[in-house]
Amino acid sequence: MQNLLVDQGVLGLFLYLTLCLALLVLLTRPPSVHAAEHALPARGVLTFLLVHGLTVEYMVAPVTASFTWFLLVAVWAGSIHRLTDAHPSPGKD
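We now turn to the structure provided with this report. On a predicted model such as this, the values are computed, not experimentally measured, just so you know.

1. Describing the overall build of the protein chain
Helices and strands together make up the secondary structure of the protein chain, namely three helices and zero strands. Listed by position from the N terminus, the elements making up the protein chain come as α-α-α. Burial analysis of the protein chain (93 residues in total) assigns 26% to the buried set. Within the protein chain, contacts between residues separated by at least 24 positions form 58% of all contacts whose residues are at least 6 apart in sequence.

Okay, here's the thing in structure tokens:
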């Protein structure tokens, strides 16, 4: 985190933390049961990356595998909600 603050400034740190918080909220409150099945592994990967990223700079350095996984989780979360739009849960009109 401190490297992110040094490299990107307060605005970069704020945007990064906002993205992490948005992903956590998106993955912990899936809109349907079908989406919840897909959100569980993504939540596990994101939790691992956040805990691991507290001690090292891997997640914010753009040339690492952790950063690639972080972007993959962001795309995964978006796909989960697109999947929900395509398959609405039963009982909704």
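We are not done yet, so read on.
2. As for the environment of Ile80
The topology assignment puts Ile80 in helix 3 (residues 65-86). Classification of Ile80 as buried rests on a relative accessible area of 4%. Residues within four places of Ile80 in sequence aside, it is in contact with Leu27, Ala35, His38 and Ala39.

3. Regarding the nonpolar core
By size, the foremost hydrophobic cluster in this structure holds 13 residues, and its most contacted members are Leu23, Leu27, Leu46, Phe70 and Ile80. If you list the elements that add at least two residues to this core, you get helix 1 (2-28), helix 2 (33-52) and helix 3. Per element, the largest residue contribution to this core is five residues, and it comes from helix 2.

4. Looking at helix 2
With 20 residues, helix 2 extends 29 Å from end C-alpha to end C-alpha; this agrees with the ideal 28 Å at 1.5 Å per step. Roughly 35° is the biggest bend found in helix 2, and it falls at Ala39, with proline Pro41 one to four residues downstream. All of the buried residues along helix 2 are Ala35, Ala39, Ala42, Leu46 and Leu49.

5. Some details on a nonpolar patch on the surface
On the surface, Leu11, Phe14 and Leu15 cluster together into a nonpolar patch covering about 350 Å² of accessible area. In this structure, Leu15 sits in helix 1.

6. Quick word on the environment of Leu27
In this structure, Leu27 sits in helix 1. As for Leu27 and Gly78, which are separated by 51 residues in sequence, their C-alpha atoms are 9.6 Å apart. Among all residues touching Leu27, those that are not within four sequence positions of it are Ala39, Ala42, Arg43, Leu46, Val73, Ala77 and Ile80.

Cut-offs and rules
- Residues numbered from 1 in each chain as written.
- Predicted model: local features only at pLDDT ≥ 70, side-chain atom pairs only at ≥ 80, totals over all residues.
- Heavy atoms only, no water.
- Helix = DSSP H or I, 4+ residues; strand = E, 2+ residues; numbered from the N terminus.
- Buried < 20%, exposed > 50% of the residue type's maximum accessible area, 1.4 Å probe, protein only.
- Contact = heavy atoms within 4.5 Å.
- Core = buried A, V, L, I, M, F, W, Y, C linked by side-chain atoms within 4.5 Å.
- Expected span 1.5 Å × (residues − 1).
- Bend = angle between axes of the 7 residues up to and from the residue.
- Patch = residues over 30% accessible without salt bridge, like charges linked within 9 Å, V, L, I, M, F, W, Y side chains within 5 Å.
- Areas by Shrake-Rupley, 256 points an atom, 1.4 Å probe, with all protein chains shown as cover.
- Salt bridge = Lys/Arg side-chain N within 4 Å of Asp/Glu carboxyl O.

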